[in-house]
Amino acid sequence: MYTFGSSLLALQVQDAAPPTGSGGMLQILADASPLSQIVLAIVFSVASWAIILFKTLSYRAVARQTATFLDVFRRSQKFSDVQAICPSLPSSPLVGVFQAGYAEITAQFRLTGQATGSPGTAPSRPILKSLEAVDRALIRAATSEVNKLERRLTFLATTASVTPFIGLFGTVVGITLAFQRIGATGSTNLAVVGPGISEALIATAAGLFAAIPAVIFYNHFVHRVKDFSAAMDDFALEFLNIAERNFT
């Protein structure tokens, strides 16, 4: 349509001119539809950025404390020494895995009336009744720790998937309003067409602003969780090797 094309051309030409109202972009944001404001800040953008910041700091603590725990575990001669350091490393998922295996070993020794053993060279070492039970305890603990690490990541995935479509919906609404105003007034004046097109562009930008960082950091965090999961699997095998070598 000539009228719609001319209105878009007029909008481009008027970019260099000073705005008729005061406030510029802030005023446009203030006057935007509730849909645009929700997509831009309240529901998706602010919440997703808060999760991104929280997870970044959390995973840094996880990596740091995991390295400390592995160093203590490999230098210790007794499982009880490792257990003593666990409360000071609450962020490491390896702590939960170790405590599950240690608790299972202790329970088996208690049932047979033996004292809790260690990877040392005691003259009469305790014997495990079931190494498979220790393995199952380690697997359950690792699964629980992975679930903790993945907590809140689904919101980032939802944001990355949904917000572009919400922005597109806002764009359609804005363009529809522009056509309605043209039909109602019979004029393609910028003052008539501009507000609808402005809201449409804001909705599109808001959806992309929320979706792009969400999908980038979601993929990054999923990769970090896979690394932590692999570290737990390796640690479980190392724990089982020590238990088999010293308690069977």
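Bear in mind that the values here come from a model prediction, so they are computed numbers and not experimental data.

The rules we used
Residues numbered from 1 in each chain as written. Predicted model: local features only at pLDDT ≥ 70, side-chain atom pairs only at ≥ 80, totals over all residues. Heavy atoms only, no water. 1 Å grid on protein atoms, 1.4 Å probe; cavity = no way out; pocket = protein on both sides within 12 Å on 5 of 7 lines; lining within 4 Å. Points joined across faces, edges and corners; volume = space filled by probe spheres on them. Helix = DSSP H or I, 4+ residues; strand = E, 2+ residues; numbered from the N terminus. Phe/Tyr/Trp six-rings, centres within 6.5 Å; stacked < 30°, edge-to-face > 60°. Buried < 20%, exposed > 50% of the residue type's maximum accessible area, 1.4 Å probe, protein only. Polar contact = N/O pair within 3.5 Å; in protein donor to acceptor, adjacent residues only side chain to side chain. Contact = heavy atoms within 4.5 Å. Core = buried A, V, L, I, M, F, W, Y, C linked by side-chain atoms within 4.5 Å. Salt bridge = Lys/Arg side-chain N within 4 Å of Asp/Glu carboxyl O. Axes fitted to C-alpha atoms, helices over the stretch in contact; angles between N-to-C directions. Parallel < 35°, antiparallel > 145°, perpendicular 65-115°, else oblique. Nonpolar A, V, L, I, M, F, W, Y, C, P; charged D, E, K, R; others polar.

*Asks:* Give me the lowdown on the layout of surface pockets, citing residues and values where you can.
*Replies:* As a volume, the second largest pocket reaches approximately 270 Å³. Lining the second largest pocket we find 15 residues, and of these Ser58, Val62, Ser91, Lys148 and Leu149 sit closest to its centre. Where the lining of the second largest pocket is concerned, the elements lending two or more residues are helix 4 (45–75) and helix 7 (131–149). With six residues, helix 4 is the single largest residue contributor to the lining of the second largest pocket.

*Asks:* Please set out the packing of aromatic side chains residue by residue, giving values where relevant.
*Replies:* Scanning all chains against the criterion turns up 16 aromatic pairs. Note on Phe73 and Phe98: the rings are 6.1 Å apart at their centroids and 75 degrees apart in plane angle, and the pair reads as edge-to-face. Of this pair, Phe73 sits in helix 4 while Phe98 sits in helix 6 (residues 93–111), and the two are 25 residues apart along the sequence. Ring centres of Phe235 and Phe239 lie 6.3 Å apart, and the angle between their planes is 50 degrees; this geometry places the pair in the tilted category. Of this pair, Phe235 and Phe239 both sit in helix 9 (residues 190–247), four residues apart, which is roughly one turn of the helix. Classification of Phe239 as buried rests on a relative accessible area of 0%. Ring-pair connections join several aromatic residues into one group, and the members of that group are Phe69, Phe73, Phe79, Phe98, Tyr102, Phe235 and Phe239.

*Asks:* Tell me about the side chain of Gln108, and name the residues and values.
*Replies:* Position of Gln108 relative to the elements: it lies in helix 6. Accessibility expressed as a relative area gives 5% for Gln108, which makes it buried. Looking at Gln108, its side chain comes within polar contact range of the main-chain oxygen of Ser130, at 2.9 Å. Residue contacts for Gln108: discarding those within four places in its chain leaves Leu128, Lys129, Ser130, Ala133 and Val134.

*Asks:* Quick rundown of the nonpolar core? Include the residues and the values.
*Replies:* Counting residues in each nonpolar core, the largest one holds 40 residues, and the members touching the most others are Phe69, Phe73, Phe79, Phe98, Ile105, Phe235 and Phe239. If you list the elements that add at least two residues to this core, you get helix 4, helix 5 (79–85), helix 6, helix 7, helix 8 (153–185) and helix 9. Of all the elements, helix 9 adds the most residues to this core, at twelve residues. Excluding residues within four positions of it along the chain, Phe98 makes contact with Phe69, Phe73, Phe79, Val82, Gln83, Cys86, Phe235 and Phe239.

*Asks:* Quick one: what's the story with the pattern of salt bridges, residue by residue and with numbers?
*Replies:* A full pass over the atoms with the stated rule returns three salt bridges. One salt bridge in this structure joins Asp71 and Arg75, with 3.0 Å as the shortest N-O distance. A residue pair is termed a helical-turn pair when its members lie 3 or 4 positions apart in one helix, as Asp71 and Arg75 do in helix 4 at four residues. Take Asp71: its relative accessible area is 40%, and that puts it in the partly exposed class. Residue class for Arg75 comes out exposed when judged on its relative accessible area of 57%. The residue Glu145 makes a salt bridge to Lys148 at a minimum N-O spacing of 3.7 Å.

*Asks:* Quick rundown of unusual backbone geometry? Include the residues and the values.
*Replies:* A positive phi is found at Arg152, a non-glycine position, where the angle reads about 80 degrees. You can see Arg152 is positioned in the loop between helix 7 and helix 8. Overall, Arg152 belongs to the partly exposed group, its relative accessible area being 45%.

*Asks:* Just give me the short version of the packing of helix 4 against helix 6, but keep the residues and values in it.
*Replies:* One can describe the packing of helix 4 onto helix 6 by two numbers: an axis separation of 8 Å at closest approach and a directional angle of 40 degrees. Classified by the angle their axes make, helix 4 and helix 6 are oblique. Judged by residue contacts, Val62, Thr66, Phe69, Leu70 and Phe73 of helix 4 engage Pro93, Leu94, Val95 and Phe98 from helix 6. Residues belonging to the contact of helix 4 with helix 6 are distributed by class as follows: eight nonpolar, one polar and no charged.

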